Amino acid sequence: MKVLSIQSAVAYGHVGNSAAVFPLQRIGVEVIPVHTVNFSNHTGYGAWRGPLIDPSDVAAVLTGVEERGVFPQVDVVLSGYQGGVGIGDVIVDAVRRVKAANPSAVYACDPVMGNAKSGCFVAPEIPDLLRDRVVPVADIITPNQFELGYLTGTEPTTLESTLASVDAARALGPSTVLVTSVERPDREQGTVEVLVADDAGAWIVRTPMLPFKANGSGDVTAALFTAHYRSTGDAKAALERTVSSVFDLIETTYRSGERELKLVESQEAFANPRLQFTAERVR
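Description of the structure in this document. Residue positions within a chain follow its written sequence, with the count starting from 1. Confidence filtering applies because this is a predicted model: local features only for residues at pLDDT of at least 70, side-chain atom pairs given and counted only at 80 or more, and all residues used for totals across whole chains, interfaces and linings. Each side-chain value is worked out from all heavy atoms of the structure, with water and hydrogens disregarded.

**Observations concerning the overall build of the chain**
- A run of H or I in DSSP becomes a helix once it reaches four residues, and a run of E becomes a strand once it reaches two; helices and strands are each numbered from the N terminus. Summing up its helical and strand segments, the chain has nine helices and eleven strands in all.
- Taken against the 2.2 N^0.38 rule, which gives 19 Å for 283 residues, the C-alpha radius of gyration of the chain at 17 Å falls within 12% of a compact globule.
- Its C-alpha atoms give the chain principal-axis dimensions of about 50 × 40 × 35 Å.
- The buried label applies to any residue whose accessible area, calculated with a 1.4 Å probe on protein chains only, is under 20% of its type's maximum; exposed applies above 50%, and partly exposed to all values in between. A buried classification covers 53% of the 283 residues belonging to the chain.
- Two residues qualify as a contact provided that any one of their heavy atoms is within 4.5 Å of a heavy atom in the partner residue. A fraction of 68% describes how many contacts in the chain between residues 6 or more apart in sequence connect residues 24 or more apart.
- Only the protein chains shown count as cover for residues, and the accessible areas themselves come from Shrake-Rupley with a 1.4 Å probe. Element-wise, carbon and sulfur atoms account for 51% of the exposed surface of the chain, whose accessible area totals about 12,000 Å².
- In this count, Lys and Arg are taken as positive residues and Asp and Glu as negative ones, while His and the chain termini are left out. Here the site of a charge means atom NZ of a Lys, CZ of an Arg, CG of an Asp or CD of a Glu. Here the chain holds 24 positive side-chain charges and 33 negative ones, and the gap between their average locations is 2 Å. Taken over C-alpha atoms, the radius of gyration is set against a globule rule of 2.2 Å times the number of residues to the power 0.38.

If you want it as structure tokens, here you go:
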């Protein structure tokens, strides 16, 4: 499998491509990383250095990759945080060109906008860009519950309302929707859930909630789920493998007492997940 991953990059820590590339490589996926920023660290620190890469330069890198004859071999285009409208247009154009070269390729979009605790933390024009121009061309989207509501103009809280919001998201274009950070009121105390739906049905899996904010864990989740789903076509199995790996990654990081994801230390969890969580069919 070849994944063209168009995301941010940081020198220190693990977000964007700096979070997604190694786990994908560890499970045997060839990754072609194209960076949209090259920062010293993620912006959660409040201070960082380095350039936001101009969309024309990102487009030039993509054209160079295309000129090497690689696009017909690309199975997945993966994107995450989009810093501005220009980069969204570049990604959508790259998806079009990859699919023209390989009609079986899929586009997986992590529509990063914010979360329930912080609210929307992207530029004001980004949610409209994602909803109106990017998500409609995606095959897979991986929003958190907050982002799902923002995309669809709904308020997913219960299982039923979250499934209805997923249906609204699928009506925009994507056939597969993975929803992270699902916190329905009737769930078991101290847990969090992840839900996936595709043409075959819908499944939900519950894990303990760790008291820890792990920047980049969503990027790892989107990457691993997309790769597992692409290779198996089985949403339930892809969900279980992904959640197993990411939970162990977050737990290892939490126990380390450090802020940045312990990607290298957790590599065995990517390659050979314990499969300690079982997804329940909900539709």
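On we go.
**Brief notes about unusual backbone geometry**
- In this structure, Ser181 is a non-glycine residue whose phi angle is positive, near 55°.
- Of note, Ser181 is situated in strand β8 (residues 176-182).
- If you check the backbone angles, Leu275 has positive phi at about 55° while not being a glycine.
- Take Leu275: it is sitting in the loop between α9 (267-271) and β11 (280-281).
- We classify Leu275 as partly exposed; its relative accessible area is 43%.

**Some points on helix α6 (residues 159-172)**
- Look at α6: 20 Å from first C-alpha to last across 14 residues, which is about the 20 Å you get at 1.5 Å a residue.
- Residues Leu159, Ser161, Thr162, Leu163, Ser165, Val166 and Ala169 constitute the buried set of α6.
- In this fold, the buried residues of α6 make contact with β7 (140-141), α5 (145-152), β8, β9 (191-198) and β10 (201-208).
- Gly173 sits one or two residues past α6 and shows a positive phi near 155°. Here the expected length of a helix is defined as 1.5 Å per residue gap, with one fewer gap than residues.

**Some thoughts on the side chain of Thr142**
- Looking at the secondary structure, you find Thr142 in the loop between β7 and α5.
- Judged by its relative accessible area of 6%, Thr142 is buried.
- Here Asp110 takes part through its side chain, which lies 3.3 Å from a polar atom of the side chain of Thr142.
- Apart from the residues lying within four places of it in its own chain, the contact partners of Thr142 are Cys109, Asp110, Pro111, Leu178 and Ala222. In protein, a polar contact requires one atom able to donate a hydrogen and another able to accept it; more generally it is a pair of N or O atoms within 3.5 Å, and residues adjacent in sequence count only if both atoms are side-chain atoms.

**Description of the pattern of salt bridges**
- Note on definitions: salt bridges are taken to be side-chain nitrogens of Lys or Arg within 4 Å of carboxyl oxygens of Asp or Glu. Considering all chains together, one arrives at 19 salt bridges under this definition.
- Taking the shortest distance from any N to any O, the salt bridge between Arg131 and Asp128 comes out at 2.9 Å. Of the two residues, Arg131 and Asp128 both sit in helix α4 (residues 126-134), three residues apart, roughly one turn of that helix.
- According to the relative accessible area criterion, Asp128 is partly exposed, its value standing at 40%.
- Connected through salt bridges with shared partners, the residues Glu66, Asp93, Arg96 and Arg97 form a single ionic network.

**Concerning the pairing of strand β2 (residues 30-39)**
- Where strand β1 (residues 2-10) lies against β2, eight bridges are found, and the strand directions are parallel. Residue pairing in the sheet places Gln7 in a bridge with His35 of β2.
- Classification remark: right-handed applies to a crossover when, strands pointing away from the viewer, the course from the first strand over the helix to the second runs clockwise. Following the chain from β1 across helix α1 (residues 17-26) to the adjacent parallel β2, one finds a crossover that is right-handed. Strand pairing is assigned whenever DSSP identifies at least 2 bridges connecting the two strands.

**Some remarks on the nonpolar core**
- Counting 41 residues, the largest nonpolar core has Leu4 and Ile6 as the members making the most contacts within it.
- The dominant element in this core, judged by the number of residues it contributes, is helix α3 (residues 85-101), at six residues.
- Apart from residues no more than four positions distant in its own chain, Ile6 is found in contact with Val34, Thr36, Val58, Leu62, Val77, Leu78, Ser79, Gly80, Ile91 and Ala94.
- Think of a nonpolar core as a cluster: buried Ala, Val, Leu, Ile, Met, Phe, Trp, Tyr and Cys residues, connected wherever their side-chain atoms sit within 4.5 Å. Judged by nonpolar contacts, the second largest core, of 38 residues, contains Val76, Leu178, Val194 and Val243.

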